[in-house]
Amino acid sequence: MRNISIIASVAAFLLLGTVAVTAHAYLDRAEPRVGNAVRTAPRELTLWFTQNLEPAFSTVAVTDESGQRVDAGKPSVSGSVMRVPLRATRPGTYRVMWHVLSVDTHTTEGNFSFRVGE
Amino acid sequence: MPTRMVRAALAGLAIAIVPLANANAHCFVGGRFFPAMLATDDPCVADEMSSPTVQWNSANPNGREHDVGGDFAKRITENFGITVSSTWTRVRPPADSGTVGPSAYGFQNLVTTAQFQVLKDAPSELALLAGAIFSWGNSGAAGVGAVPWSTITPTFYFGKGFGGLPDSAGFMRAFAVTGQVGYEIPTTSFDLVSGNPVPQNLVWGTSLQFSMPYLRSSVIDLGLPDFINHLIPIVEGQFAAPVANKSGIDFVITGTVNPGVIWVGNYFQVGVEAIVPVNRASGTSIGAIAQLHLYLDDMFPRGIGRPLLGNAAPPMLPFGNASTPGRPPFGN
């Protein structure tokens, strides 16, 4: 009986205050794909994350080889997907820097590059 | 068995057991995730639980050893945390030893660890951690090797990802290294039972890891199967050497090299490694270790998975959108 009480207490402690089960939002995939090349300049960058995001605290920046921003407008967030329009028109390497807040308040960030043209 | 070999084997046993009690953190540094490791510790404080960790090793001079351990790590504040660890051990005498006797079993000494996060630098993927490991003497069973004296081991930990290398480095950017070095100080200098001095030991460990999740999210998406993209192949090494109060004790470095792999999910990870002794004093055959590790901060973000005191750092935007620029992008 004592063991059952201990197990029940630990379970209650673990669950105390738990509202939802979520986790760090990690980049699952992107389009254009991470580290890959596309023939023509994409009009939009799409990022898929492993968890739902808080739109107000999730953002992305895309820069060209000279460091100029080429993302055009505010990124849109729907669930775990973030999209931002691009005005990249020239061949070259573009760097994507993202910073997101998952709905459970964990922040994560990262960066990657993709190429336009061969 | 000569006394000298027993001492060396006990040192090997100590390093085989202590790491069980210290694999404990969920560690994001920028785009880099350092998984909780099985033999050494990662460089972050977090709310985590390893249960169980099971191990088979040959470091015990009295026979083949089986361990089942668990540890629970809790942040007190955002940057300070404690870990409580316990390991149950069974030692079975080898069949060819001529020893006819029952297996010995019982708990190892209780271990608690206090750690402070010194640095987490996202752009350089660098994390630094300082801590102290307390092993409480007389809290375990002498029959399985638990010693009657306590030890304190001030320890420094680091982790460094190579994601900051130029793009031309390619796959190399998915590598990371971690390490820890500590100085083990016993609360006694002489073992009255065996009549031997109790040495102070330098203990250190390191890991080299290749992150498939990082490769996919930050270097190149190769379109590999999802299971592969969750793997982190890893090689860990853990070592110890007596450096003071070692009169009559040969200077023998004991340790193991552990190749293995960790599968990383959103809420837990599973790891398995081989345990390869570096010399005879460290063990006589290859062992194995496996661990289920739970990310309590992700499973219960509004309950036990957050610091007891204070609030987490408020979220912020590192840069605005293109039409309303905020702070400059990373690296500027």
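All values derive from a computational prediction rather than experimental measurement. (Residues numbered from 1 in each chain as written. Chains lettered and ligands numbered in written order. Predicted model: local features only at pLDDT ≥ 70, side-chain atom pairs only at ≥ 80, totals over all residues. Heavy atoms only, no water.)

Some thoughts on the sheet that holds strand β4 (residues 59–63) of chain A
Residue and element names in this part refer to chain A. Strand order in the open sheet formed by four strands is β2-β8-β7-β4, and the pairing between neighbours is mixed. With one partner strand each, in any of the chains shown, β2 (37–38) and β4 form the two edges of the open sheet. As paired elements, β2 and strand β8 (residues 107–116) share two bridges and run parallel to each other. The residue of β8 that forms the bridge with A37 is R115. (Pairing = 2+ DSSP bridges. Helix = DSSP H or I, 4+ residues; strand = E, 2+ residues; numbered from the N terminus.)

Details of the pattern of salt bridges
Applying the stated criterion across every chain, the model contains 14 salt bridges over all chains. Residue R216 of chain B is joined to D226 of chain B by a salt bridge in which the shortest nitrogen-to-oxygen separation is 3.9 Å. A residue pair is termed long-range when its members are at least 10 positions apart, and R216 of chain B in helix α2 (residues 212–219) and D226 of chain B in the loop between α2 and β14 (231–244) qualify at 10 residues. Overlapping salt bridges bring together D28, R29 and R33 of chain A together with R216, D221 and D226 of chain B as one network. (Salt bridge = Lys/Arg side-chain N within 4 Å of Asp/Glu carboxyl O.)

Section: the confidence of the model for chain A
When pLDDT is averaged along chain A, the result is 82; 80% of the residues meet or exceed 70. Across residues 4–22 of chain A, confidence stays below pLDDT 50; counting only partners more than four residues off in sequence or on other chains, it has 25 contacts. (pLDDT = per-residue confidence, 0-100. Contact = heavy atoms within 4.5 Å.)

Some points on the nonpolar core
In summary, soluble globular proteins display a tendency toward joint burial of nonpolar side chains. Membership of the largest hydrophobic core comes to 23 residues, with the highest contact counts inside it found for L45, L47, F49, V60, W98, F112 and F114 of chain A. Breaking this core down by element, the ones donating at least two residues are β1 (27–31), β3 (44–49), β4, β6 (81–85), β7 (92–101) and β8 of chain A. In terms of residue count, the dominant contributor to this core is β7 of chain A (four residues). Formed by 19 residues, the second largest nonpolar core is a distinct cluster that contains Y26 of chain A together with Y214, L215 and Y295 of chain B. (Core = buried A, V, L, I, M, F, W, Y, C linked by side-chain atoms within 4.5 Å. Buried < 20%, exposed > 50% of the residue type's maximum accessible area, 1.4 Å probe, protein only.)

Here we look at a nonpolar patch on the surface
A cluster of nonpolar side chains, contributed by F156, F158, V181, L202, V243, F251 and I253 of chain B, occupies part of the molecular surface with about 540 Å² of accessible area. Relative to the helices and strands, L202 of chain B is located in strand β13 (residues 200–210). (Patch = residues over 30% accessible without salt bridge, like charges linked within 9 Å, V, L, I, M, F, W, Y side chains within 5 Å. Areas by Shrake-Rupley, 256 points an atom, 1.4 Å probe, with all protein chains shown as cover.)

Regarding the side chain of Q117 of chain B
All names here are of chain B. Structurally, the position occupied by Q117 is in strand β7 (residues 111–121). For Q117, the side chain forms a polar contact with the main-chain nitrogen of V45, separated by 3.1 Å. A polar side-chain atom of Q117 sits 3.3 Å from the main-chain carbonyl oxygen of L119. In contact with Q117, not counting residues within four places along its chain, are P43, C44, V45, N79, A127, L128 and L129. (Polar contact = N/O pair within 3.5 Å; in protein donor to acceptor, adjacent residues only side chain to side chain.)

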